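Inside the fold
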Amino acid sequence: MIADFGYGALIVTLLVSVYGIGAAFYGARKNLPAWVESARLAMLLTFPLVTISALCIIFLLVNGNYEVEYVSSVTSSSMPTYLRITALWGGQAGSLVFWSWLMALFATAVTLRNWHRDREFLPWVIVVSLVTLAFFLILIIFFENPFQKLWLFPDNQVVAGLSQPAGSVLFFPRDGQGLNPLLRHPGMIIHPPMLYLGFVSFVIPYAFAIAALITGRTDDRWIRVTRRWTLIAWLFLSLGLILGGRWAYDVLGWGGYWGWDPVEIAAFMPWLTGTAFLHSVMIQEKRGMLKHWNMVLIILTYCLVIFGTFLTRSGVLSSVHAFAQSAIGPLFFGFIGLTFITSLSLLLKRWDELKSETQMTSWLSREALFLLNNLLFMGILIVCFWGVMFPLVSEIFTGLKKTVGPPFYERATGPLWAGLLILMAIAPLAAWGHSTIKTLGRAIWKPFVLSLVGIILLIVSGIKSVPALLGFWLAFFVAAVTLQEFWRGTRARHSRSGESYPLALWRLVGRNRPRYGGYVIHIGVVLMAFGIIGIELFQHETQGTLSQGEKIQLGEYTLTYESLSIFDSNDGRNVARAVLSVEENGKYVGELFPRRDYFFESQQPMTIPGIKSTWEDDLYVILVDWQPITSQGATFKIYRNPLVNFMWLGGIIFILGTLIAAWPTKDIETVRTRERHEILVGATG
Amino acid sequence: MPVGSLFLRGLSKKVWVSSLIYLILMLLIFFSTVNAQELTPNAPSDNEVNAIAKQLYCPVCENTPLDVCPTQACSEWRELIREKLASGWDESQIKAYFVEQFGDRVLATPPARGINWLVYIIPPLAFIFGGIVLFRAFRTWKKPAEMGDKNLAQPSSDEYINRLEEELRKL
């Protein structure tokens with residue numbers, strides 16, 4: 001009954017969406033505001049309707065209605081309620097509903113904004129948003145339905161379907177299969193919603209871009225309207241990627257945070273184009289240039305968002321056969337192809353109207369350096385896209401699968417990342433419009449010298465690795481330039497108004513949040529670079545099978561295997577938990593408890609490392625789960641991950657910077673009115 | 001007469017001979033074992049196995065290096081690496097063996113031959129192409145335009161930044 005109700009709500013949402021698309025299109029073409037208003041109301045209606053459907057799934061999940069195929073595949077009686085709720089995005093069908101729910105939420109939010117100055121955009125923003133929503137609803141209703149029930153035939157065959165096949169009865173499994181244990185981590189519970197929020201928010205700037213192309217209002221209004229949407233999308237996408245990295249570090253048990261897996265890359269590609277877009281739109285805002293390029297970037301980002309959603313859950317790129325067997329694979333590719341071609345056709349139609357208003361005057365101007373930044377981001381995108389697609393291409397032409405693993409991506413993107421760091425150091429000091437070596441050199445020499453001093457100190461301290469020294473130098477250089485920018489601004493405020501330095505810094509950032517928020521993001525990147533250099537170039541590992549009381553050494557750490565306990569937990573796990581005491585340079589520093597959880601329902605093991613964290617390094621110990629584990633002897637894999645915590649700190653600062661940049665600025669008129677009002681009240685009072 | 005001499009005299013010649021043979025045999029066995037231990041390399045350590053396993057990818061699981069793959073099959077493949085190392089094979093021989101058995105997909109990156117060249121050639125070509133497009137666009141843009149550079153002469157839209165820059169110049 002609940003399942004049927006939820007399914008019905010989805011069908012009604014699809015009908016409402018189709019009506020909204022038609023009404024908006026007709027209203028815009030015939031210039032009939034009443035039709036556009038009707039379409040706007042239809043878009044508003046989609047949110048409560050998808051909410052009903054999502055709530056129905058949540059009810060079924062929490063209630064344990066295992067006769068529903070989706071419920072049976074992602075929950076089990078041993079799972080706590082919060083995990084049953086989050087199982088909404090634990091499987092493909094549910095996560096598509098969750099995606100649609102977020103899309104409807106953002107569509108509603110954009111509908112409720114003040115459209116006074118952008119009335120002509122409204123119908124086309126509705127059309128793009130609702131077409132995207134309708135596409136996902138079609139996928140859910142016809143191909144990946146979370147409301148399908150299980151039907152049992154007399155020959156004990158169980159079939160999933162919406163309606164009862166002749167001769168079958170409803171099948172009630174005693175228990176479900178449970179959520180994949182790897183997905184039960186807090187990071188994995190928050191990670192998909194963040195990623196999806198990022199994906200969905202990018203639909204809004206794309207919708208405005210398409211509206212600008214269709215209406216011919218090709219000035220930078222669409223960019224100004226969507227600046228905050230873009231930043232919010234970027235914020236969520238960044239947060240999703242960072243959380244995903246932390247989840248991998250905590251749960252996957254291979255001592256790393258990023259494995260260049262196709263699913264990771266799928267989420268990373270829209271981030272790359274989104275980052276290029278965020279830099280590139282500044283050129284259009286400041287100099288009226290690159291209008292074509294900004295359109296291309298937002299179109300690419302939208303297509304990569306759809307591609308990413310598809311890859312994240314379906315895994316069809318693992319082989320040609322999986323792709324061919326997947327019902328939704330060709331549909332996804334068809335939709336991406338159609339939107340890409342339609343968007344490019346619209347862009348070509350308006351090509352002449354999107355000419356630059358000004359000229360590029362200097363190779364060293366900030367806009368020129370931003371363009372180089374875009375080239376490097378596109379380079380990384382090509383490496384990622386081709387690396388993900390090549391195994392499929394190879395299989396099509398040769399019938400043989402190939403692995404394109406981390407060494408390929410690291411070697412191919414390494415120099416490009418280094419180039420981006422150089423630009424990150426130079427571009428903030430380059431002037432818009434015109435910049436020469438002399439002016440740039442005058443601005444840059446102090447941070448440059450400071451960064452060299454830092455490197456000399458590192459060489460003296462004994463670091464000899466050339467790639468590491470180069471990486472650290474670049475990171476120091478960016479840090480020095482960025483901190484100098486904060487210092488210059490704060491000092492100027494201090495000398496002009498006599499404000500104390502902390503207040504001057506606070507107000508400096510507050511008065512120009514996008515600029516200084518961007519600099520905070522750069523500081524975050526520098527810290528992340530420290531962490532990445534540390535773990536990539538200085539990670540050490542060892543493995544050994546120890547009997548009780550035996551020791552193993554890694555660098556200055558000595559670990560002693562103390563004991564092992566094996567027990568069943570009350571949530572369906574068999575836990576093997578080891579105790580190791582840790583000494584650093586012969587001094588006892590604590591105990592670590594690596595463990596291996598074996599989930600009975602899904603018959604999957606999960607390795608939870610024992611981690612001792614300091615700013616210097618992480619000692620990361622895994623109870624190697626594929627070796628026989630007994631209290632007499634156990635195998636441990638031990639990593640020393642230097643500086644890795646700078647990466648997580650950098651991630652937090654990165655997000656903080658994005659929040660500063662996206663924080664709403666007070667409308668000057670409102671402030672002035674309020675000040676006048678306060679003066680009047682003070683005078684009369 | 002010492003007790004020892006009586007004891008020795010009591011032993012028959014036959015016992016003496018058989019004892020001598022036994023002693024020689026034991027010595028031979030002992031030395032042969034020592035020699036065998038000296039000749040056969042020590043059993044490869046986990047770290048030696050992992051150093052090679054790290055460079056190979058699980059033929060079953062997607063994108064998982066062999067040194068961290070938790071499946072039973074991978075555990076057996078790691079043992080295979082250990083056996084090969086114990087038999088005196090080197091890293092390249094073991095990698096070649098795995099490629100022969102399971103195909104190129106066990107390697108972290110496709111070997112540079114045939115269609116695989118595409119994976120290495122296309123990204124740099126695309127990047128160079130992008131660079132050329134950008135360079136040409138720069139040159140076109142840099143030609144003096146009739147319309148002039150209107151924004152260049154105008155102050156930036158951000159009054160606050162202009163004021164800040166002005167203050168900095170005065171410092």
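**Comments concerning a nonpolar patch on the surface**
Taken together, Trp445(A), Phe448(A), Val449(A), Leu452(A), Val453(A) and Leu457(A) make up a surface patch of nonpolar side chains, about 540 Å² in accessible area. Relative to the helices and strands, Phe448(A) resides in helix H16 (residues 437-460).

**Some remarks on helix H9 (residues 221-252) of chain A**
All names here are of chain A. For H9, which comprises 32 residues, the first-to-last C-alpha distance of 45 Å matches the rise-based estimate of 46 Å (1.5 Å per residue) to within 8%. Of all the bends found along H9, the most pronounced is centred on Arg-227 and spans about 50°. Of all the 32 residues making up H9, 24 are buried; the element is thus mostly covered by neighbouring parts of the structure. Following H9 by one or two positions, Gly-253 adopts a phi angle in the positive range, close to 65°.

**Quick notes on the pattern of salt bridges**
All names here are of chain A. Scanning the entire structure with this criterion turns up 29 salt bridges over all chains. With a shortest N-O distance of 3.1 Å, Glu-37 and Arg-40 are connected by a salt bridge. Highlighted residues: Glu-37 and Arg-40, both in helix H2 (residues 33-63), separated by three residues, approximately one helical turn. Judged by its relative accessible area of 26%, Glu-37 is partly exposed. Judged by relative accessible area, which is 18%, Arg-40 ranks as buried. Within this structure, Arg-113, Asp-118, Glu-120, Arg-217 and Arg-221 form a network of salt bridges that share partners.

**A word on the nonpolar core**
With 208 residues, the main nonpolar core has Trp99(A), Phe208(A), Trp222(A) and Trp271(A) as its most contacted residues. Residues in contact with Trp271(A), not counting those within four places in the same chain, are Trp234(A), Leu237(A), Ser238(A), Leu241(A), Phe377(A) and Phe654(A). Membership of the second largest hydrophobic core comes to 19 residues, among which are Leu56(B), Cys69(B), Leu80(B) and Leu107(B).

**Quick notes on the sheet that holds strand S2 (residues 158-161) of chain A**
All names here are of chain A. Pairing in this open sheet of three strands is antiparallel, and the strands run S2-S1-S3 from one edge to the other. Since the sheet does not close on itself, it has two edges, and those belong to S2 and strand S3 (169-170), each with one partner. Pairing between strand S1 (residues 149-152) and S2: four bridges, direction antiparallel. When the sheet's bridge partners are listed, Lys-149 is paired in S2 with Gly-161.

**Digging into the side chain of Asp250(A)**
All names here are of chain A. One can find Asp-250 in helix H9. Overall, the relative accessible area of 17% leaves Asp-250 in the buried class. Excluding residues within four positions of it along the chain, Asp-250 makes contact with His-185, Thr-607, Ile-608, Pro-609 and Ile-611.

**So, the packing of aromatic side chains**
All told, the structure shown has 56 aromatic pairs over all chains when counted by the stated rule. Plain terms: the ring middles of Phe106(A) and Trp229(A) are 5.9 Å apart, the flat faces sit at 55° to each other, and that makes the pair tilted. Here Phe106(A), found in helix H5 (residues 92-111), pairs with Trp229(A), found in helix H9; they are 123 residues apart in sequence, far enough to count as distant. Each member of the pair, Phe106(A) together with Trp229(A), is buried. Site record: aromatic cluster; members linked through ring pairs are Trp234(A), Trp258(A), Trp260(A), Phe268(A), Trp271(A), Phe377(A), Phe408(A), Tyr409(A), Trp417(A), Phe654(A) and Tyr120(B). Directly above the aromatic system of Trp115(A) lies the positively charged group of Arg113(A), at a separation of 4.8 Å from the ring centroid.

**Some points on the environment of Phe47(A)**
Residue and element names in this part refer to chain A. Tracing the chain through its elements places Phe-47 in helix H2. When its relative accessible area of 21% is taken as the criterion, Phe-47 is described as partly exposed. Distance from Phe-47 to Arg-350, taken between C-alpha atoms, is 33 Å for residues 303 residues apart in sequence.

**Overview of the domain arrangement of chain A**
Domains assigned within chain A are domain 1 (1-177) and domain 2 (539-645). For domain 1 of chain A versus domain 2 of chain A, the distance between C-alpha centres works out to 44 Å.

**Comments concerning the interface of chain B and chain A**
For interface size, the figure often reported is the accessible area lost on association. Contact residues are listed per partner, giving 53 residues for chain B and 63 residues for chain A. Both faces considered, chain B and chain A share a buried interface measuring about 5300 Å² in area, 62% of it formed by carbon and sulfur atoms. Summed over the shared surface of chain B and chain A, the number is two salt bridges. For Lys637(A), the salt bridge is made with Asp67(B), and the minimal N-O distance between the two is 3.3 Å. The set of elements that each furnish at least two residues to the side of chain B that touches chain A consists of helix H3 (46-53), helix H4 (72-86), helix H6 (117-142), helix H7 (150-153) and helix H8 (159-170) of chain B. Sort the elements by how many residues they give to the side of chain B that touches chain A and H6(B) lands first, with 15 residues. Considered class by class, the residues forming the side of chain B that touches chain A number 27 nonpolar, 11 polar and 15 charged.

**Focus: the sheet that holds strand S12 (residues 617-623) of chain A**
Through backbone hydrogen bonds, the strands of a sheet pair up, either in parallel or in antiparallel fashion. Residues and elements named next belong to chain A. Pairing is antiparallel across the open sheet formed by four strands, whose spatial order is S4-S13-S12-S11. The outermost strands of the open sheet, each flanked by one partner alone, are strand S4 (540-547) and strand S11 (610-613). Between one strand axis and the next, the sheet turns by 15° as a mean value, whatever way the strands run. Contacts from helix H19 (residues 513-538) reach S4 and strand S13 (633-642), with the element oriented near 130° to S13.

**Structural notes on the confidence of the model for chain B**
Residue and element names in this part refer to chain B. Summing up the model confidence of chain B, the mean pLDDT is 71 and the portion of residues at 70 or higher is 58%. Low pLDDT (under 50) marks residues 145-157, which in the prediction has 22 contacts with non-local residues, meaning those over four places away or in another chain. Scored by ipTM, the complex comes to 0.80, with pTM at 0.86.

**Some details on the environment of Asp261(A)**
Residues and elements named next belong to chain A. The topology assignment puts Asp-261 in the loop between H9 and helix H10 (262-287). For Asp-261, a relative accessible area of 23% puts it in the partly exposed group. Each C-alpha atom of the pair Asp-261 and Val-525 lies 22 Å from the other, and the pair is 264 residues apart in sequence.

**Points about the pairing of S13(A)**
Residue and element names in this part refer to chain A. In terms of residue burial, S13 counts as a mostly covered element, since 10 of its 10 residues are buried. Residues Gly-633, Thr-635, Lys-637, Tyr-639 and Asn-641 line one face of S13 and the alternating positions Ala-634, Phe-636, Ile-638, Arg-640 and Pro-642 line the opposite face, and both faces are buried. Two strands pair when backbone bridges link them, and S4 and S13 are joined in this way by eight bridges, in the antiparallel orientation. What sits directly across from Leu-546, in S13, is Ala-634. The pairing of S12 with S13 spans seven bridges and is classified as antiparallel. Residue Val-621 lies in a different strand from S13, and its bridge partner there is Ile-638.

How each quantity is defined
- Residues numbered from 1 in each chain as written.
- Chains lettered and ligands numbered in written order.
- Predicted model: local features only at pLDDT ≥ 70, side-chain atom pairs only at ≥ 80, totals over all residues.
- Heavy atoms only, no water.
- Patch = residues over 30% accessible without salt bridge, like charges linked within 9 Å, V, L, I, M, F, W, Y side chains within 5 Å.
- Areas by Shrake-Rupley, 256 points an atom, 1.4 Å probe, with all protein chains shown as cover.
- Salt bridge = Lys/Arg side-chain N within 4 Å of Asp/Glu carboxyl O.
- Helix = DSSP H or I, 4+ residues; strand = E, 2+ residues; numbered from the N terminus.
- Expected span 1.5 Å × (residues − 1).
- Bend = angle between axes of the 7 residues up to and from the residue.
- Buried < 20%, exposed > 50% of the residue type's maximum accessible area, 1.4 Å probe, protein only.
- Core = buried A, V, L, I, M, F, W, Y, C linked by side-chain atoms within 4.5 Å.
- Contact = heavy atoms within 4.5 Å.
- Pairing = 2+ DSSP bridges.
- Phe/Tyr/Trp six-rings, centres within 6.5 Å; stacked < 30°, edge-to-face > 60°.
- Lys NZ or Arg CZ within 6 Å of the ring centre and 35° of its normal.
- Domains from an automatic or database assignment.
- Buried area = accessible area lost by both parts, 1.4 Å probe.
- Nonpolar A, V, L, I, M, F, W, Y, C, P; charged D, E, K, R; others polar.
- Axes fitted to C-alpha atoms, helices over the stretch in contact; angles between N-to-C directions.
- pLDDT = per-residue confidence, 0-100.

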